[in-house]
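Now for the letters of each chain:
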Amino acid sequence: MPSRATPRPVGTVTRGTTNPNRLRRMDRWIAATHGAELRRAADPVAVDLGYGAAPWTAVELLHRLRTVAPHARVVGVEIDPARVAAAERYARAGLAFRHGGFEVPVHRPPLLIRAANVLRQYDEDEVAAVWQRLCARLAPASGHSRGGLLVEGTCDEIGRRHVWVALGPEGPRTVTFATRLGSLDRPSDLAERLPKALIHRNVPGEPVHAFLRDFDRAWAAAAPYASYGARQRWMRTVRDLTADWPVTDGPVRWRQGEVTVRWGALAPRA
């Protein structure tokens, strides 16, 4: 009897650019905001989708998740089989590597899918279908859980500036802006790292453009706080933003150079 052919992975090969510690801001946010969901699960599985030419990000994700969920497992998924073969020597208990793409070839619905710098090369009109496919693979919501989390976004080569969208099984929830404050001239510098769903929408008339405009204005108004350091200026800026924008986090996260806003406030106009 002929063997069944292995399904072709969904997606295209990325450039594979990666650096150690590049995704630290995203990982720390995930551990802080999604750690309780991971701890509650009997077998919490996380997927590092499109980890690139070297598996550093998958190794680091396992380490950071296990600080909050000691039983977490990570599966690195890559569409390039040569990258999977090269990563195998890093496999160990709790860390595995598989050939695949947006179909996410894991046996158990994951509680986390992290896709960083993966959709950068795709067209904007392809993003919604990819999001829908990935969200459908997440662990579903239940009486005691909001379900799995998809975190999709873009950062610079050394992880100083990062913007990501968090999605649940029901769809997009929030957008997070994160930066090394010492590298920032003004908040709109983060515009170049907007994820594919938003980067072409940073034009007058779109919500994300209005948000970044207000962010810059609040930053300018908070200039007197710069004498106390960039962190204090950022925190005052974000506090002022809460008057007009649905910021979902608080000072603990702001101190990290972050701010999270509801997706609906920044979503592209139809």
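Conventions used here
- For every chain, the first residue of the written sequence is number 1, and numbering continues from 1 onward in sequence order.
- With pLDDT at 70 or above as the cut-off, local features in this predicted model cover only qualifying residues; side-chain atom pairs require 80 or more to be listed or tallied, and sums for whole chains, interfaces and linings still use all residues.
- Think of the side-chain values as coming from all heavy atoms in the structure, minus any hydrogens and water.
- The way it works is that DSSP assigns letters per residue, a run of H or I at least four long becomes a helix, a run of E at least two long becomes a strand, and they are numbered from the N terminus.
- Here the radius of gyration uses the C-alpha set of atoms, whereas the globule reference equals 2.2 Å times the residue count to the power 0.38.
- Categorising residues by exposure relies on relative accessible area from a 1.4 Å probe, with only protein chains included: less than 20% of the type maximum marks a residue as buried, more than 50% marks it as exposed, and the intermediate range marks it as partly exposed.
- A contact between two residues is defined here by any heavy atoms of the two lying within 4.5 Å.
- Only the protein chains shown count as cover for residues, with accessible areas throughout obtained via the Shrake-Rupley method and a probe of 1.4 Å.
- We treat Lys and Arg as the positive residues and Asp and Glu as the negative residues; His and chain ends play no part in the count.
- Note on charges: their place is set at NZ of Lys, CZ of Arg, CG of Asp or CD of Glu.
- By definition, pLDDT measures how confident the predictor is in each residue, and it falls between 0 and 100.
- Only strands that DSSP links by at least two bridges are regarded as paired with each other.
- Lines fitted to C-alpha atoms define the axes here, with helix axes fitted over just the stretch in contact, and angles between the N-to-C directions of these axes take values from 0 to 180 degrees.
- Stacked, tilted and edge-to-face pairs are distinguished by plane angle, under 30 degrees for stacked and over 60 for edge-to-face with tilted covering the rest, among Phe, Tyr and Trp rings (Trp via its six-membered ring) whose centres lie within 6.5 Å.
- The length a helix should cover is 1.5 Å for every residue beyond the first.
- At every residue, the bend is computed as the angle between two fitted axes, covering the seven residues ending there and the seven beginning there respectively.
- By nonpolar core is meant a set of buried Ala, Val, Leu, Ile, Met, Phe, Trp, Tyr and Cys residues that side-chain atoms within 4.5 Å join together.
- By salt bridge we mean one thing: a side-chain nitrogen of Lys or Arg within 4 Å of a carboxyl oxygen of Asp or Glu.

Visitor: Report on the overall build of the protein chain, specifying residues and quantitative values.
Guide: Summing up its helical and strand segments, the protein chain has nine helices and eight strands in all. The C-alpha radius of gyration computed for the protein chain amounts to 19 Å, which stays within 12% of the reference 18 Å derived for 270 residues, consistent with globular compactness. For the C-alpha atoms alone, the extent of the protein chain along its principal axes is close to 75 × 40 × 40 Å. Going through the 270 residues of the protein chain one by one, you find that 54% of them count as buried. Across the protein chain, contacts joining residues at least 24 apart in sequence account for 66% of those joining residues at least 6 apart. Accessible surface for the protein chain amounts to roughly 12,600 Å². Of this, 51% is attributable to carbon and sulfur atoms. Distance from the positive charge centre (40 side chains) to the negative charge centre (27 side chains) of the protein chain: 5 Å.

Visitor: Residues and numbers for the confidence of the model for the protein chain, please.
Guide: For the protein chain, per-residue confidence averages 94 on the pLDDT scale, and residues scoring 70 or more make up 97% of the total. This model gives residues 1-5 a pLDDT under 50, and the stretch forms zero contacts once residues within four places in sequence are excluded.

Visitor: If you had to explain the sheet that holds strand β7 (residues 171-179) to someone new, which residues and values would you point to?
Guide: Overall, mixed pairing links the eight strands, which are arranged β3-β2-β1-β4-β5-β6-β7-β8 in an open sheet. A single partner strand is all that each edge strand has here, and the edge strands are β3 (95-99) and β8 (258-262). Sheet twist, expressed as the mean angle between neighbouring strand axes with direction ignored, is 20°. Pairing of strand β1 (residues 45-49) with strand β2 (residues 73-78) involves five bridges; the strand directions are parallel. Among the inter-strand pairings, alanine 46 is bridged to a residue of β2, identified as valine 74.

Visitor: I'd like to hear about the packing of aromatic side chains, residue by residue, with values.
Guide: Summed over the entire model, instances satisfying the criterion amount to ten aromatic pairs. Where tyrosine 51 meets phenylalanine 97, the ring centres are 5.4 Å apart and the plane angle is 70°; that geometry is what we call edge-to-face. Taken as a pair, tyrosine 51 in the loop between β1 and α2 (56-66) and phenylalanine 97 in strand β3 lie far apart in primary sequence, 46 residues in all. For the pair shown, tyrosine 51 and phenylalanine 97 are each scored as buried. Centre to centre, the rings of tryptophan 219 and tryptophan 234 are 6.5 Å apart; their planes meet at 75°, and the pair counts as edge-to-face. Placement of the pair is tryptophan 219 in helix α6 (residues 207-221) and tryptophan 234 in helix α7 (residues 230-241), with a sequence separation of 15 residues.

Visitor: Report on helix α1 (residues 24-40), specifying residues and quantitative values.
Guide: Each α-helix turn comprises 3.6 residues. Residues three or four places apart therefore point the same way. Along its 17 residues, α1 runs 23 Å from first to last C-alpha, staying within 8% of the 24 Å computed at 1.5 Å per residue. Histidine 34 marks the point of greatest bend in α1, at about 65°. Where α1 is concerned, the buried positions are Arg24, Arg25, Met26, Asp27, Trp29, Ile30, Ala31, His34, Gly35, Glu37 and Leu38.

Visitor: So what about the pairing of β8? Which residues, and what values?
Guide: Summarising burial for β8: four of the five residues are buried, a large majority. Pairing of β7 with β8, which is carried by five bridges, proceeds in the antiparallel orientation. Paired with phenylalanine 177 across the bridge in β8 is valine 259.

Visitor: Account for the nonpolar core, with residues named and values stated.
Guide: Core analysis: the largest hydrophobic core is formed by 51 residues, its most contacted members being Trp131, Phe177, Phe211 and Trp234. Broken down by element, the residue count for this core peaks at six residues, all from α6. Dropping the residues within four chain positions of it, tryptophan 131 is found in contact with Leu119, Leu150, Glu152, Val165, Leu167, Pro172, Ala197 and Trp263. Counting residues in hydrophobic clusters, the runner-up holds 30 residues, among them Ala46, Tyr51, Val74 and Leu95.

Visitor: An account of the pattern of salt bridges is requested, with residue identities and associated values reported.
Guide: Taken as a whole and judged by the stated rule, the model has 21 salt bridges. The salt bridge involving glutamate 124 is made with arginine 201; its shortest N-O contact spans 2.7 Å. Taken together, the positions of glutamate 124 in helix α4 (residues 124-137) and arginine 201 in the loop between α5 (196-199) and α6 put the pair 77 residues apart, joining distant regions of the chain. Overall, the relative accessible area of 24% leaves arginine 201 in the partly exposed class. With a shortest N-O distance of 4.0 Å, aspartate 189 and arginine 186 are connected by a salt bridge. Overall, the relative accessible area of 47% leaves arginine 186 in the partly exposed class. Several salt bridges share partner residues, and in doing so they unite Asp27, Asp48, Glu60, Arg64 and Arg114 into one network.

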